[in-house]
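# Examining the three-dimensional arrangement
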Amino acid sequence: MTTRIEADSNDAEAYRIRGVYLDELRQYEAAMADYNKAIELEPDYADAYNKRGIANNVLKQYEAAITDCDKAIELKPDFAEAYRNRGIAHHHLKQYEAAFDDYDKAIELKPGFADAFYNRGIAHSGLKQYKAAIPDFDKAIDLDPINPSYIHNRAAAIAFQASEKEHTEISARLERG
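Notes on the structure follow. Keep in mind that this is a model prediction, so the values were computed, not measured.

## A short note on helix 7 (residues 96-109)
With 14 residues, helix 7 extends 20 Å from end C-alpha to end C-alpha; this agrees with the ideal 20 Å at 1.5 Å per step. Among all positions in helix 7, only A99, F100, D102, Y103, A106 and I107 are buried. The buried residues of helix 7 occupy one face: seen down the axis, they fall within an arc of 160°. Counted as exposed and oriented over 90 degrees from the buried face of helix 7: E97 and E108. For helix 7, the elements touching its buried residues are helix 6 (80-92) and helix 8 (114-126).

Take a look at the structure:
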């Protein structure tokens with residue numbers, strides 16, 4: 001990509017693509033600089049805002065991530081990935097209703113979006129709503145059966161649900177004497 005940028009320093013897509021590569025290398029500040037340049041060159045570039053939103057999530061700059069995803073959605077209202085990424089930021093800020101709304105919208109726009117089901121399951125698990133989390137993990141696994149995170153988190157939700165049920169039963173027995 002650097003060669004492509006050297007050939008045309010006004011190529012916004014090249015900056016976005018290089019930003020993605022830098023993200024993969026965990027060079028988030030450098031990726032952020034490329035996303036900023038892509039946006040500077042093409043202010044209506046929804047995917048560049050979304051990618052910068054992802055980098056902001058990784059850097060724990062959740063308000064900035066929401067702002068970037070808001071802009072991506074404004075530019076491209078059917079951008080399922082931007083809704084999912086904004087949902088992640090809302091979740092980290094403990095804005096759970098907003099997170100669920102975003103995950104639901106991402107799934108509505110892209111019914112086969114395994115990551116959106118997975119992230120909604122994570123949000124349910126974080127709120128100890130394991131019974132609600134398990135179907136989301138199941139759906140994510142149906143869509144992407146080899147993703148180990150989906151499988152692991154489904155197993156954890158089942159274990160936690162069983163543990164809570166066992167705890168409730170023991171507490172009830174103790175109360176009865």
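## A few points about the side chain of R84
Locating R84 in the fold gives a position in helix 6. Within the structure, R84 has its side chain in polar contact with the side chain of D115 (distance 3.3 Å). When sequence neighbours within four positions are dropped, the list of residues in contact with R84 reads D102, Y103, A106, F113, D115, A116 and N119.

## What about the packing of helix 6 against helix 8?
The contact between helix 6 and helix 8 brings their axes to 10 Å, and the two run at 15°. Judged by the inter-axis angle, helix 6 sits roughly parallel to helix 8. The way helix 6 lies across helix 8 gives a crossing that is left-handed. Touching R84, I88 and H91 of helix 6 are D115, A116, N119, I122 and A123, all from helix 8.

## Brief notes about the packing of aromatic side chains
For the structure on display, the rule yields three aromatic pairs. Here the aromatic rings of Y118 and F137 are separated by 5.9 Å at their centres, their planes lie at 50°, and the arrangement is tilted. With Y118 in helix 8 and F137 in helix 9 (residues 130-143), this residue pair connects regions lying 19 residues apart in the sequence. Measuring from ring centre to ring centre gives 5.4 Å for Y130 and F160, while their planes differ by 25°; the resulting arrangement is stacked. You can see Y130 sitting in helix 9 and its partner F160 sitting in helix 10 (residues 148-176), a full 30 residues away along the chain. Since its relative accessible area comes to 9%, Y130 is described here as buried. The ring of F79 carries K76 above its face, with NZ or CZ at 4.5 Å from the centroid. Over the ring of F113 we find K110; its NZ or CZ atom is 4.7 Å from the centre of that ring.

About the thresholds
- Residues numbered from 1 in each chain as written.
- Predicted model: local features only at pLDDT ≥ 70, side-chain atom pairs only at ≥ 80, totals over all residues.
- Heavy atoms only, no water.
- Helix = DSSP H or I, 4+ residues; strand = E, 2+ residues; numbered from the N terminus.
- Expected span 1.5 Å × (residues − 1).
- Buried < 20%, exposed > 50% of the residue type's maximum accessible area, 1.4 Å probe, protein only.
- Arc of directions from axis to C-beta.
- Contact = heavy atoms within 4.5 Å.
- Polar contact = N/O pair within 3.5 Å; in protein donor to acceptor, adjacent residues only side chain to side chain.
- Axes fitted to C-alpha atoms, helices over the stretch in contact; angles between N-to-C directions.
- Parallel < 35°, antiparallel > 145°, perpendicular 65-115°, else oblique.
- Left-handed = near helix turned anticlockwise from the far one by under 90°.
- Phe/Tyr/Trp six-rings, centres within 6.5 Å; stacked < 30°, edge-to-face > 60°.
- Lys NZ or Arg CZ within 6 Å of the ring centre and 35° of its normal.

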